[in-house]
2 protein chains.
Amino acid sequence: MTAAGITGPAGFSAGATTAGIKPSGKPDMALVVNNGPRYEAAAVFTRNRVVASPVKLSRKAVADGQLAAIVFNSGNANACNGPQGDADASALVAEVAHSLALPEGKIAACSTGLIGEPLPMEKALAGAGAVAKALGGSTDHAHAAAEAILTTDTVTKEAAYVGAGWSVGAMGKGVGMMAPSLATMLVCLTTDAAASAAALQSTLDKAVSQTFNTLDVDGSTSTNDTVILMASGASGVSPSQEERETAVLAVCSDIADQLQADAEGVTKRVKITVEGTVTDYQALNAARTLGRDNLFKCAMFGSDPNWGRVLAAVGMADAEMDPENISVYFNGQPVCRASTGVPGAREVDLSGTDIDVYVDLGTGGTGSAFVRTTDLSHAYVEINSAYSS
Amino acid sequence: MTAAGITGPAGFSAGATTAGIKPSGKPDMALVVNNGPRYEAAAVFTRNRVVASPVKLSRKAVADGQLAAIVFNSGNANACNGPQGDADASALVAEVAHSLALPEGKIAACSTGLIGEPLPMEKALAGAGAVAKALGGSTDHAHAAAEAILTTDTVTKEAAYVGAGWSVGAMGKGVGMMAPSLATMLVCLTTDAAASAAALQSTLDKAVSQTFNTLDVDGSTSTNDTVILMASGASGVSPSQEERETAVLAVCSDIADQLQADAEGVTKRVKITVEGTVTDYQALNAARTLGRDNLFKCAMFGSDPNWGRVLAAVGMADAEMDPENISVYFNGQPVCRASTGVPGAREVDLSGTDIDVYVDLGTGGTGSAFVRTTDLSHAYVEINSAYSS
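Because the structure is a prediction, the values reported are computed rather than measured.

### Thoughts on the overall build of chain A
Okay, step 1: In terms of helices and strands, chain A carries 10 helices and 15 strands.
Okay, step 2: Expected size for 389 residues packed as a compact globule is a radius of gyration near 21 Å; at 22 Å, chain A falls within 12% of this value.
Okay, step 3: Principal-axis analysis of the C-alpha atoms gives chain A an extent of 70 × 50 × 35 Å.
Okay, step 4: In chain A, which comprises 389 residues, the share counted as buried stands at 61%.
Okay, step 5: Contacts in chain A between residues far apart in sequence, at least 24 positions, make up 79% of those at least 6 positions apart.
Okay, step 6: Here chain A has roughly 12700 Å² of accessible surface; of this, 52% comes from carbon and sulfur atoms.
Okay, step 7: Distance between charge centres in chain A, computed from 25 positive and 40 negative side chains, equals 3 Å.

Pasting the structure below:
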């Protein structure tokens, strides 16, 4: 990665350490600190009703639109640990607050890893103290943090956008709930732009809906998914709404692409576009239904232009359609028109890594949406059937 | 199979032939004929909006509650073939009507196989003529029909219920849309009981909702799924509603068990029961959501008692729950209480073929439901990623 990552924008420092939470002995704790002068923040959390203790804590911390730091750990999700989990998340944040002389209520926490195992607090507290002493603003510090949040990811994910006198940086890991009980997508964005918390939240919501929310590897949603944006205002620049939205979307899109490319067991990156519905929402429903269909995903793994599975899958979607007037294109080539096969459809070449699927549901409406997904491979089954213990 | 199958009840004859529709040269056409004296019938079809030509034809044929025969072919679904597909289904039924001197409108058609390939009509018409001349009421005739409707099934599925002077017989194939583009669950039930078409329909609806509709191998729903019950009245017995419901439920349940056991790539049979919701419908939603979660299904393949995935999956279900009060049992052993792990949970033995999963969503409500599903194995990926062509 050449991107400057989360320390690119002025006013941020980061650090990482190996606390011993991961049995592998790899780095497993990170800290990102906003040194101001401003502390506006915005966040998006998992829609799952079963949420991890750090998600509950972070929701409260960011409720007033201000954050000073985020503490991360990998190797343990601190989810489904009952009141003990909540207490552990609070204790971890208290340790960071103490070490950095920051108000406890202004620190968020993000955890990723196995669900249902208590956080090893002796190690975590020692790690929090150690990482607080190892903070810095270099690119190396950003890289170290990006590495310490990984679970089954095979590469770090960082991104940057450089505006006129200001910038946005980001790091991320995982995607959806793709991992072998090592849950979670975590994304941290930093910017030295000045903006109100409300403006940051609407910018983040918009970007997330077009990027992470269109990424659907296996239909699962983690108990820990978190995207946080912190703004230091250190550049002294207040970009226009349009500039801000462009920048945050660009960085989220870059991280989303990296997440898709590193998804568990992926051999194909599949983009599904659905049009010809009455509303965009219906198009999204149909795209998601297809993206989650195991038979379709297995066909993609086999480079099989089996368009019949596309029709069978979208036929079950919560979307208006004309069942006799559905069109399908693979990699730009028509394979089905008026719900009937086009000659030569079975010879379309899907052997490449990227597959483009276009479906028109034939109502004549202007609804449109896309999702990005992956194939269903032997490696996915292998990774996700391994013992959790 | 020792069950007498569809020719067990008086008044039915059956036959099968090899028409050459399947490239493998295995039997691929069957005919089941109701010889009366009565012709009441009931049917349940796929909920998919994209439906095969034989489904459209059969819906019309059974609309008045009367059927005299069903013609089956395997190796080709006759789905997504446009107006030509509809014409081909009609021509096939016309050929059967001509051969048997039956009214065309009283014959249903069931097809299963590849979607989007025109039915090879010369072979199909010759096959229909041949099988019409080879009908008989023996157990061998029933077995031959049960064999001719198979696609990727590895064994025939037949069942029987014997009442006091009357009986029910059945054959089936597939399950949901489990096959490599060789779609479809088809089930044919016969009975010599006398009953009105409305009584048969309500009996069938009730049995289907408790059996085939609780079976969910991969969440996919075929374009061709069909369950038909024909009643000849030849026994002269009119069983009570309770007896009739008991008999049809028993036979459907038996066939559903056989379908689950022969599902593609299955190594585990998983029964998921959900309770503690406000309504049964919510419990069913939660059970289905869990049964379709690939991470959970991979864990089952790996005999991994990873209860965290159960919570993460049900947390996304369209059901009221108390996220802090969810309980999970694997094979009768508690692994999670109050949404927190029970000591020893990771040591629960799931190495057997049958796994029982029980989830209480903790609202205190009396809602309850179950689904039967399977694991997600390498063999599933292998079978479903093979080329369709």
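### Describing unusual backbone geometry
Okay, step 1: Cis rather than trans, the peptide bond between G36 of chain A and P37 of chain A has omega equal to 15°.
Okay, step 2: Within the element layout of this structure, P37 of chain A appears in the loop between strand 2 (29-34) and strand 3 (40-45).

### Some thoughts on the environment of T151 of chain B
Residue and element names in this part refer to chain B.
Okay, step 1: With respect to the secondary-structure elements, T151 resides in the loop between helix 4 (139-148) and strand 6 (157-162).
Okay, step 2: A C-alpha to C-alpha distance of 6.4 Å links T151 and S74, two positions 77 residues apart in sequence.
Okay, step 3: Among the polar contacts made by the side chain of T151, one reaches the side chain of K173 at a distance of 3.0 Å.

### Examining the interface of chain A and chain B
For interface size, the figure often reported is the accessible area lost on association.
Okay, step 1: Chain A puts 62 residues into the contact, and the matching count from chain B is 62 residues.
Okay, step 2: A combined buried area of about 4900 Å² lies between chain A and chain B, and 54% of that area is made up of carbon and sulfur atoms.
Okay, step 3: Of all residues in chain A, R49, L295 and R346 of chain A give up the largest surface area on contact with chain B, accounting jointly for 14% of the area buried on that side.
Okay, step 4: There are four salt bridges connecting chain A and chain B.
Okay, step 5: Here K56 of chain A ties to E324 of chain B by a salt bridge, and the two come within 3.0 Å at their closest N and O atoms.

### With respect to the side chain of S327 of chain A
All names here are of chain A.
Okay, step 1: By the element assignment, S327 lies in strand 11 (residues 327-330).
Okay, step 2: Residue class for S327 comes out buried when judged on its relative accessible area of 15%.
Okay, step 3: Excluding anything up to four places from it in sequence, S327 contacts C336, R337, A338, Y358, V359 and D360.

### Details of the relation of the copies chain A and chain B
Okay, step 1: Once chain A is rotated about the relating axis by 180° and shifted along it by 0.0 Å, it coincides with chain B to within an RMSD of 0.0 Å. These values place the two chain copies in the arrangement generated by a two-fold rotation axis. Considering only C-alpha atoms, the residue of chain A closest to the rotation axis is H378 of chain A, which sits at 2.9 Å.
Okay, step 2: Most of the interface of chain A is mirrored in chain B, where 100% of its interface residues again form contacts.

### Quick look at the confidence of the model for chain A
Okay, step 1: This prediction gives chain A a mean pLDDT of 91; 95% of its residues lie at or above 70.
Okay, step 2: In this model residues 177-183 of chain A is a low-confidence stretch, pLDDT under 50, and it forms 43 contacts with partners more than four residues away in sequence or in other chains.

### Some remarks on helix 6 (residues 241-261) of chain A
Okay, step 1: Helix length check: helix 6 of chain A, at 21 residues, gives a terminal C-alpha distance of 30 Å against a target of 30 Å (1.5 Å per residue), a fit within 8%.
Okay, step 2: Of all the residues in helix 6 of chain A, the buried ones are R244, E245, A247, V248, V251, C252, I255, A256, Q258, L259 and Q260 of chain A.

### Things to note about the packing of aromatic side chains
Geometrically, a pair of aromatic rings is defined through the distance of the ring centres and the angle of the planes.
Okay, step 1: In total, this model carries four aromatic pairs over all chains according to the counting rule given.
Okay, step 2: Seen from their ring centres, Y329 of chain A and Y358 of chain A are 5.6 Å apart, and the 75° between their planes marks the pair as edge-to-face. On the criterion of sequence distance, the pair formed by Y329 of chain A in strand 11 and Y358 of chain A in strand 14 (residues 354-360) is long-range, its members being 29 residues apart.
Okay, step 3: The class of Y329 of chain A is partly exposed, set by a relative accessible area of 25%.
Okay, step 4: Measuring from ring centre to ring centre gives 6.0 Å for Y161 of chain B and W166 of chain B, while their planes differ by 50°; the resulting arrangement is tilted.
Okay, step 5: A residue is classified by how much of its surface remains accessible, and Y161 of chain B, at 24% relative accessible area, is partly exposed.

### With respect to the environment of V270 of chain A
All names here are of chain A.
Okay, step 1: Along the chain, V270 turns up in strand 10 (residues 269-277).
Okay, step 2: For the pair formed by V270 and D375, sequence separation is 105 residues and the distance between their alpha carbons is 7.2 Å.
Okay, step 3: Beyond its immediate sequence surroundings of up to four residues, V270 is in contact with Q260, F296, M300, I355, V357, V371, R372, T373 and T374.

### Comments concerning the sheet that holds strand 12 (residues 333-337) of chain B
Residues and elements named next belong to chain B.
Okay, step 1: Strand order in this open sheet of six strands is 13-12-11-14-10-15, and the pairing throughout is mixed. Two strands in the sheet have a free side with no partner beyond their single neighbour: strand 13 (340-341) and strand 15 (367-374).
Okay, step 2: Bridge count between strand 11 (residues 327-330) and strand 12: three bridges; the pairing is antiparallel. When the sheet's bridge partners are listed, V328 is paired in strand 12 with C336.

### Regarding the state of the cysteines
Residues and elements named next belong to chain A.
Okay, step 1: What the rule picks out here adds up to zero disulfides over all chains.
Okay, step 2: With no disulfide of its own, C110 has C188 as its nearest cysteine by sulfur position, at a separation of 7.6 Å.
Okay, step 3: C110 gets classed as buried once you look at its relative accessible area, which sits at 3%.

### Side note on the sheet that holds strand 12 (residues 333-337) of chain A
Okay, step 1: Taking strand neighbours across the sheet as the criterion, the six strands line up as 13-12-11-14-10-15 (chain A) in an open arrangement whose pairing is mixed. Only two strands of the sheet have a single partner each, and these edge strands are strand 13 (340-341) and strand 15 (367-374) of chain A.

### What to know about the pattern of salt bridges
Okay, step 1: As enumerated under the stated definition, the model contains 20 salt bridges over all chains in all.
Okay, step 2: Note that R346 of chain B and E117 of chain A form a salt bridge whose closest N and O atoms lie 2.8 Å from each other. Note that R346 of chain B is positioned in the loop between strand 13 and strand 14 (354-360) and E117 of chain A in the loop between strand 5 (107-114) and helix 3 (121-132), a pairing that runs across two chains.
Okay, step 3: R346 of chain B sits in the buried class, given a relative accessible area of 9%.
Okay, step 4: Judged by its relative accessible area of 31%, E117 of chain A is partly exposed.
Okay, step 5: Look at the salt bridges and you will find they share partners, linking K56 and D86 of chain A together with E324 of chain B into a network.

### Observations concerning the side chain of S232 of chain B
All names here are of chain B.
Okay, step 1: Tracing the backbone shows S232 in the loop between strand 9 (226-231) and helix 6 (241-261).
Okay, step 2: By relative accessible area, S232 is classed as buried at 0%.
Okay, step 3: A distance of 2.7 Å separates a polar atom in the side chain of S232 from the backbone oxygen of A10.
Okay, step 4: Once residues within four sequence positions are removed from consideration, S232 is found in contact with A10, G11, F12, N34, G36, P37, R38, T191, D192 and A193.

The rules behind these values
- Residues numbered from 1 in each chain as written.
- Chains lettered and ligands numbered in written order.
- Predicted model: local features only at pLDDT ≥ 70, side-chain atom pairs only at ≥ 80, totals over all residues.
- Heavy atoms only, no water.
- Helix = DSSP H or I, 4+ residues; strand = E, 2+ residues; numbered from the N terminus.
- Rg over C-alpha atoms; globule rule 2.2 N^0.38 Å.
- Buried < 20%, exposed > 50% of the residue type's maximum accessible area, 1.4 Å probe, protein only.
- Contact = heavy atoms within 4.5 Å.
- Areas by Shrake-Rupley, 256 points an atom, 1.4 Å probe, with all protein chains shown as cover.
- Lys, Arg positive; Asp, Glu negative; His and termini not counted.
- Charge placed at Lys NZ, Arg CZ, Asp CG, Glu CD.
- Polar contact = N/O pair within 3.5 Å; in protein donor to acceptor, adjacent residues only side chain to side chain.
- Buried area = accessible area lost by both parts, 1.4 Å probe.
- Salt bridge = Lys/Arg side-chain N within 4 Å of Asp/Glu carboxyl O.
- Least-squares fit on C-alpha atoms with pLDDT ≥ 70 in both.
- pLDDT = per-residue confidence, 0-100.
- Expected span 1.5 Å × (residues − 1).
- Phe/Tyr/Trp six-rings, centres within 6.5 Å; stacked < 30°, edge-to-face > 60°.
- Pairing = 2+ DSSP bridges.
- Disulfide = S-S within 2.5 Å.

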